[in-house]
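Remarks on the overall topology
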Amino acid sequence: MSDNKNSIYSKALLFTLVATITVLIGTFVTMFYPMMRAEMHPKLENLQPFTPLQLAGRDIYMREGCMNCHTQTVRPLKADVLRYGDYSKAGEFYYDRPHLWGSKRTGPDLARVGGKYPDDWHYQHMANPQAFYEKSNMPKYAFLANKKINIEQTVAGLKVLGIPYKPEDIEALKSKTEMDAIVAYLQQLGTAVSKKQVVLVDEKSVEEKSPLSGKADAVAEGKRLYQLECVGCHGKNAEGNIGPAFADTGRSEKELFVLIANGLEGAMPGYANQFTREKIWDLVEYVKSFKKQ
Amino acid sequence: MNEYQYDYQTVKGFIVSCLFWGVIGLVIGLLISIQLWNSDFNFGEYLSFGRLRTFHTNVLAYGLGIGAEFGIFYYLVIRLTKRPLLFPKLARFHLWLFNVGITLAAWTLLMGYSQNLEYAEFEWPIDIAVVILWVIFAINVMGTIFKRKEEEMYISLWYIIATVVTVAILYIVNNLSIPATLFKSYHLFAGVNSANVEWWYGHNAVGFLFTTPILAMFYYFLPKSTGLPIYSHRLSIISFWSLIFAYLWTGAHHLVYTPLPDWIQTLGIAFTLFLIAPSWGSVVNGYFTVESDWSVMKNKYLTKFFIAGITFYGLQTIQGPSQGIRVISSLIHYTDWVPGHVHMGTMGWVTMVICASIYYIIPHIYKTEIYSVKLANIHFWIVLIGQLMFSITMWITGIQQGAMWKMTNPDGSLKYTFIETVTANYPYWQMRTIAGVIFVVGMLFFLYNIFMTIQKGKKELAAKLAAANA
């Protein structure tokens, strides 16, 4: 090069300035400019700030690095909505500092887990996930039940976040464990959006009697599905745990079908989104097999 | 020729330190790879996956990656400016502070003190230490460049300047948080905005910690170890400016299909696709440099490290942008495809070039030859096999996972329950552990070779001194 002396590559200060401006252009357009727009700070009308117990739970969720395996955002894609529920809205995350959307689903998305299961499910599943899903790779978090909430940190958090709280809320924390806190946090996730079952089976369309009645294959397939999804709540041998034992259901075949398909608000998730009608009848057959004895 | 008394003590110190942290990070990597297919390998609260995965990424990124960059940059800067460091004692202090900092940082992650911002997990006291560390480094490197004896700055110095400036901006902005206690803070930004700031940071941390610094090494050590000049200076110029310009627009490709406003996502995707061009500018430049005499691939053992490295960089920068496209993102996002992608970059490009740079520097500092070219070749082939096996198994299982999540029955219900999509990964995750073991074995060959080269250099120096005194 002939004009080395005048080139920018011979002037370190000028070079540094130009390089800095170059990287700041994209930074401004995609990061600083959006920050000044209202669309980046939306809030759903019925979104509530975290309670002291929920905030303590969120802190524990962060401490344990749950985000390494669980996302908290449902994409507006058919399969995502089918599996998890309504897609995530921007206004749901107003109080999230930081966001916990995550980047990896080694475990399922948790954006709509609030209210999907009863509290007992979370207590038992956190302590021993393998009792629910035999081959689950989730670590056991039983130790949370033996640890008291760090009240000092929770109060400091409430203060800096400007979340209003009452002294009796803090008093109540004293008797709570970290397990109580994380369950409280999980149970409020995604609840600002009114819950709607994505797939509901119309009761009128369900046969009174199982079309698979008397088929041994159906019982076997039902048992396989049961082992996969149901043992946590109903017990290894359907002896009952969080949910009832099968020996005493007292429900008709049609009622069983509708229950498995559509679930029971706050007690049992519905399975119509991930089991075909045939699979649900298989499960009904398996449940029925306990009655005969 | 310059005969300055270059102070290489700090360079050596950083190289030894980064290798130490590298071993720790790799071993923990093996452990968490096992935890993914057998939960019994989670040992209590401190050694469970949730904390150790963060430990793994941070110790390798900050301990191995940035540690190596500090050391190699100090070497490059004094060579390219033809003068000693401006503040050698400050550099020595930097080295000690670095090791103390990583030790403390690693401890805080095991304790669960985490901001939960990916690749920016350190809590605020550690963040302050990192900023101090970076300022010390910047003063020395920039000061030395400003006071240089060589008028024109070589390509590597451009990339070093861009790294120093951009990392400072990224790190400070994203880590702004409101401290509640000594070990707990909350992000200054909330919700959607928090996500946008975090991935503006997260993607560019990859860009300015694992792309520009490695290119700085590549542009210096490829010509040095082959004896061939860089093919095109003009191409280097175009690649440099378009790379650092486009990178900062792309963070939102990590947030495709999230509630982030669509226009930011689309802009991110568009610039991500554009980024192929400057990335391949460097790839082409590398290939054509060796094109003038391919025999160096055979005769100069380091050439293949750089050519394999730049090849993986090329593949990485094709794969990455394609992942940003909405339709592909919808299949592979959140799956194991992504760790497969990341590890091609970190194992195939970053580590390959860092190792090769260290192979060049250590004999040079100790005024000797490499202990064993044969061992270096064995190292090369083993890590190559380990890395390919790692990435390919992850890509396969990632596609399988994404497809299983999406598949529906004729009646519209999902075909697989979530746990079925998890356990289907297990055979691949087991293969990945094997691949990881292979890679680590390869790295042990590297460590041994470097250790023996240092010993050899010391012995030769002692012999020379003895001869001089005799």
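Residues numbered from 1 in each chain as written. Chains lettered and ligands numbered in written order. Predicted model: local features only at pLDDT ≥ 70, side-chain atom pairs only at ≥ 80, totals over all residues. Heavy atoms only, no water.

Turning our eyes to something else, we now look at the overall build of chain A. Within chain A, the secondary structure is distributed over eleven helices and zero strands. In chain A, the succession of helices and strands from N to C terminus is α-α-α-α-α-α-α-α-α-α-α. In summary, chain A has a C-alpha radius of gyration of 26 Å against a globular reference of 19 Å for 293 residues, an excess of more than 25%. The buried share of chain A, taken over its 293 residues, is 56%. The contacts in chain A between residues at least 6 apart in sequence include a share of 73% that link residues at least 24 apart. Positive and negative charge centroids in chain A, built from 38 and 34 side chains respectively, lie 4 Å apart. (Helix = DSSP H or I, 4+ residues; strand = E, 2+ residues; numbered from the N terminus. Rg over C-alpha atoms; globule rule 2.2 N^0.38 Å. Buried < 20%, exposed > 50% of the residue type's maximum accessible area, 1.4 Å probe, protein only. Contact = heavy atoms within 4.5 Å. Lys, Arg positive; Asp, Glu negative; His and termini not counted. Charge placed at Lys NZ, Arg CZ, Asp CG, Glu CD.)

Attention shifts here to the overall build of chain B. A count of helical and extended segments in chain B gives 17 helices and two strands. The C-alpha atoms of chain B give 23 Å as radius of gyration, which agrees with the globular expectation for 470 residues (23 Å, within 12%). When burial is assessed residue by residue, chain B has 64% of its 470 residues classed as buried. Long-range contacts, defined here as pairs at least 24 residues apart, represent 82% of the contacts in chain B between residues at least 6 apart. For chain B, the accessible surface area stands at approximately 16,600 Å², while carbon and sulfur atoms represent 72% of it. (Areas by Shrake-Rupley, 256 points an atom, 1.4 Å probe, with all protein chains shown as cover.)

When pLDDT is averaged along chain B, the result is 96; 99% of the residues meet or exceed 70. Per-element confidence in chain B ranges from a low mean pLDDT of 92 for helix α11 (residues 296-299) of chain B to a high of 98 for helix α15 (residues 373-406) of chain B. (pLDDT = per-residue confidence, 0-100.)

Glancing now at the interface of chain B and chain A. Between chain B and chain A, the contact holds 99 residues from the first and 95 residues from the second. Between chain B and chain A, a total of about 8,100 Å² is buried, with carbon and sulfur atoms accounting for 65% of that surface. Of all residues in chain B, the largest losses of buried area upon contact with chain A belong to Asn116, Tyr186 and Tyr334 of chain B, amounting jointly to 10% of the total for that side. Taken together, chain B and chain A are joined by five salt bridges. Notably, a salt bridge pairs Asp336 of chain B with Lys104 of chain A, separated by 3.1 Å at the nearest N-O pair. Joining chain B to chain A, the criterion identifies 32 residue pairs in polar contact (both at pLDDT 80 or more). (Buried area = accessible area lost by both parts, 1.4 Å probe. Salt bridge = Lys/Arg side-chain N within 4 Å of Asp/Glu carboxyl O. Polar contact = N/O pair within 3.5 Å; in protein donor to acceptor, adjacent residues only side chain to side chain.)

Here we take up the pairing of strand β2 (residues 184-187) of chain B. Successive residues of a regular strand alternate their side chains across the two faces of the sheet. All names here are of chain B. Here strand β1 (residues 177-181) runs beside β2; their pairing, made up of four bridges, is antiparallel. Bridging from a neighbouring strand, Pro179 pairs with Ser185 of β2. Once β1 ends, the chain turns through two residues before running back antiparallel as β2. (Pairing = 2+ DSSP bridges.)

Residues and elements named next belong to chain B. Position of Arg432 relative to the elements: it lies in helix α17 (residues 426-469). Buried charge Arg432 goes without a salt bridge, the closest partner of opposite sign being Asp336 at 4.0 Å. Non-local contacts of Arg432, meaning those with residues more than four positions away in its chain, are made with Ser33, Leu36, Asp336, Phe390, Thr393 and Met394.

This model, assessed by the stated rule, comprises 61 aromatic pairs over all chains. When the ring of Phe50 of chain A is compared with that of Tyr185 of chain A, the centres are 6.2 Å apart and the planes differ by 50 degrees; the resulting orientation is tilted. One end of the pair, Phe50 of chain A, is in the loop between α1 (12-35) and α2 (52-63); the other, Tyr185 of chain A, is in helix α7 (residues 178-188), with 135 residues separating them in the sequence. With respect to class, Phe50 of chain A is no different from Tyr185 of chain A; both count as buried. Ring centres of Tyr74 of chain B and Phe137 of chain B lie 5.7 Å apart, and the angle between their planes is 75 degrees; on these two criteria the pair is classed as edge-to-face. Residue Tyr74 of chain B is located in helix α2 (residues 49-81), and its partner Phe137 of chain B is located in helix α4 (residues 124-146); the two are separated by 63 residues in the primary sequence. (Phe/Tyr/Trp six-rings, centres within 6.5 Å; stacked < 30°, edge-to-face > 60°.)

Moving on: the state of the cysteines. Per the stated rule, a full pass over the model turns up zero disulfides over all chains. The thiol sulfur of Cys230 of chain A is not disulfide-bonded, and the nearest other cysteine sulfur, from Cys233 of chain A, lies at 8.6 Å. Not part of a disulfide, Cys18 of chain B finds its nearest cysteine sulfur in Cys355 of chain B, a span of 8.5 Å. A relative accessible area of 0% means that Cys18 of chain B is categorised as buried. (Disulfide = S-S within 2.5 Å.)

Within the largest apolar cluster, 197 residues are counted, with the highest numbers of intra-cluster contacts made by Phe221, Trp349 and Ile358 of chain B. At 19 residues, the largest contribution of residues to this core is made by α2 of chain B. Setting aside anything within four residues of it in sequence, one finds Trp349 of chain B in contact with Phe210, Thr211, Ile214, Leu215, Phe218, Gly309, Ile310, Phe312, Tyr313 and Met344 of chain B. Formed by 25 residues, the second largest nonpolar core is a distinct cluster that contains Leu256, Ala261, Leu283 and Val284 of chain A. (Core = buried A, V, L, I, M, F, W, Y, C linked by side-chain atoms within 4.5 Å.)

Take the pattern of salt bridges next. All names here are of chain A. One pass over the full model with this rule turns up 24 salt bridges over all chains. Arg105 serves as the salt-bridge partner of Asp80, at 3.1 Å between the closest nitrogen and oxygen. Pair noted here: Asp80 is in helix α3 (residues 78-84) and Arg105 is in the loop between α3 and α4 (119-127), with a separation of 25 residues, a long-range link. Neither Asp80 nor Arg105 differs from the other in exposure class; each is buried.

Time to look at the environment of Gln48 of chain A. Looking at the element boundaries, Gln48 of chain A is found in the loop between α1 and α2. Residue Gln48 of chain A is classed as exposed on the basis of its relative accessible area of 58%.

Let us now look at helix α6 (residues 191-210) of chain B. Residues and elements named next belong to chain B. Taking 1.5 Å per residue, 20 residues should reach 28 Å; α6 reaches 28 Å between its end C-alpha atoms and fits that length. Of all bends in α6, the biggest is about 25 degrees, found at Asn204. Where burial is concerned, most of α6 is hidden: 19 out of the 20 residues are buried. (Expected span 1.5 Å × (residues − 1). Bend = angle between axes of the 7 residues up to and from the residue.)

This next bit is on the environment of Met407 of chain B. By the secondary structure assignment, Met407 of chain B is in the loop between α15 and α16 (418-423). In contact with Met407 of chain B, not counting residues within four places along its chain, are Ser413, Leu414, Lys415 and Tyr416 of chain B.

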